[in-house]
Structures are given as structure tokens and as C-alpha cells.
Amino acid sequence: MRFLCLIYTSVDVDGRLTPNEMNHLIGEHFVFDEGLRRDGTMIVSDALALRDKSIIIRPNGGDGFSVTDGPFAETKEHLAGFYLIEAADLDGAVDIAKRIPSARYGAVEIRPVRILTLRGDLAEEG
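This text gives an overview of the structure that appears in the document. Computed from a prediction, not measured in an experiment: that's the story for all the values here. (Residues numbered from 1 in each chain as written. Predicted model: local features only at pLDDT ≥ 70, side-chain atom pairs only at ≥ 80, totals over all residues. Heavy atoms only, no water.)

Points about the packing of aromatic side chains
Consideration 1: The full count for this structure, using the stated rule, is one aromatic pair.
Consideration 2: A centroid spacing of 5.5 Å and a plane angle of 85° characterise the contact between Phe32 and Tyr83, whose relative ring orientation is edge-to-face. Residue Phe32 is found in helix 2 (residues 19-39), and its partner Tyr83 is found in strand 5 (residues 77-86); the two are separated by 51 residues along the sequence.
Consideration 3: A relative accessible area of 10% means that Phe32 is categorised as buried. (Phe/Tyr/Trp six-rings, centres within 6.5 Å; stacked < 30°, edge-to-face > 60°. Helix = DSSP H or I, 4+ residues; strand = E, 2+ residues; numbered from the N terminus. Buried < 20%, exposed > 50% of the residue type's maximum accessible area, 1.4 Å probe, protein only.)

In C-alpha cells, the structure reads:
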């Protein structure tokens with residue numbers, strides 16, 4: 001099964017870690033990534049730019065969209081990165097997610113990925 005591990009980091013962490021601490025954390029991620037690649041559980045992972053670089057699009061009530069800079073909600077955490085992994089079941093995904101280095105600084109949301117296929121005129125989970 002595929003699982004998406006969404007890494008949420010406390011907003012406080014962005015400014016609290018020294019450059020050396022941040023470099024160490026990034027290094028830990030590279031080591032962790034290599035281990036997941038070696039055992040065949042990682043599909044893809046990446047870090048995201050800080051939330052002030054984000055763009056929000058929403059339907060504007062007509063046929064178009066409004067485009068706005070940055071998030072509106074005041075939050076204590078923001079989405080910092082993700083891992084798309086393979087695991088036998090949710091317990092296996094939890095075991096992997098607990099080892100994500102950034103999990104020490106925030107939260108990791110684990111979501112099963114729905115694999116949709118088109119059969120005739122209907123989409124079905126495969």
C-alpha cells in the first residue's frame with residue numbers, strides 16, 4: 001500500500017534552529033532517505049519552501065479562480081515536506097514515519113493513498 005507522510009513543523013522551529021542544527025537535520029534526512037531507497041519503501045520525498053512562498057487558489061464563484069499570496073490561517077504548524085512510501089499496512093507506515101528526522105520537531109500525518117482507476121464511466125479504487 002502507498003502512504004503519504006505529511007510533515008508538519010512548528011512555526012517556531014523555522015527560526016529556532018541554528019544553521020548548524022538545520023544542516024545536521026538535513027543530513028539526517030539524506031541518511032534516512034537512502035535507507036528507505038535501499039529497502040524499497042520510498043517512492044519520493046521532498047522538502048517544501050517556507051509557507052510565505054505559497055500561493056492559494058480558490059474558485060471565485062464563477063468560471064475562474066482567485067489567486068492569493070500566502071496562507072491566511074494563523075497556524076502553529078505548517079506543511080514542511082512529505083514522503084510517499086510503500087508499506088504493507090498502516091502499522092508499517094507508522095513505524096517508518098516515526099523515524100522521519102523532522103518528526104522530532106512537529107507532527108507527521110499519515111494518509112493512505114487511494115489508487116483510482118477509470119473503468120467505463122466510473123472511477124473506482126484499485
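There's plenty left to go through after this.
Concerning the sheet that holds strand 5
Consideration 1: The strand order across the open sheet built from four strands is 2-5-1-6, with neighbouring strands paired in antiparallel fashion. Unpaired on one side and paired on the other, strand 2 (42-47) and strand 6 (106-112) mark the two borders of the sheet. Taking the axes of each pair of neighbouring strands and ignoring which way they run, one obtains an average angle of 20° across the sheet.
Consideration 2: By the bridge criterion, five bridges tie strand 2 to strand 5 in an arrangement that is antiparallel. Note that in strand 5 the partner of Asp46 across the bridge is Phe82.
Consideration 3: Together, strand 1 (2-10), strand 2 and strand 5 form the strand contacts of helix 2, whose direction differs from that of strand 5 by roughly 25°.
Consideration 4: Its contacts with the sheet place helix 3 (residues 90-98) against strand 1, strand 5 and strand 6, and it is angled at close to 155° to strand 6. (Pairing = 2+ DSSP bridges. Axes fitted to C-alpha atoms, helices over the stretch in contact; angles between N-to-C directions. Contact = heavy atoms within 4.5 Å.)

A short note on the pattern of salt bridges
Consideration 1: On inspection of all chains with the given rule, the structure shows four salt bridges.
Consideration 2: Residue Glu86 is joined to Arg2 by a salt bridge in which the shortest nitrogen-to-oxygen separation is 3.4 Å. Separated by 84 residues along the polypeptide, Glu86 in strand 5 and Arg2 in strand 1 bring together distant segments of the chain.
Consideration 3: For Arg2, a relative accessible area of 35% translates into the label partly exposed.
Consideration 4: A salt bridge links Glu28 to Arg104; the shortest N-O distance between them is 2.8 Å. Placement of Glu28 in helix 2 and of Arg104 in the loop between helix 3 and strand 6 is noted, with a sequence separation of 76 residues between them. (Salt bridge = Lys/Arg side-chain N within 4 Å of Asp/Glu carboxyl O.)

Thoughts on the pairing of strand 3 (residues 55-59)
Consideration 1: For strand 3 and strand 4 (residues 65-69), the ladder comprises five bridges, and the chain directions are antiparallel. Residue pairing for strand 4: Pro59 is matched across the bridge by Phe65.
Consideration 2: What sits between the antiparallel neighbours strand 3 and strand 4 is a turn of five residues, in which Gly61 has the positive phi angle 95°.

Notes on a nonpolar patch on the surface
Consideration 1: Taken together, the side chains of Ile55, Ile57, Phe65 and Val67 present a nonpolar region at the surface, about 440 Å² in accessible area.
Consideration 2: Broken down by secondary-structure element, the contributors of at least two residues to the nonpolar patch are strand 3 and strand 4.
Consideration 3: Note that Val67 resides in strand 4. (Patch = residues over 30% accessible without salt bridge, like charges linked within 9 Å, V, L, I, M, F, W, Y side chains within 5 Å. Areas by Shrake-Rupley, 256 points an atom, 1.4 Å probe, with all protein chains shown as cover.)

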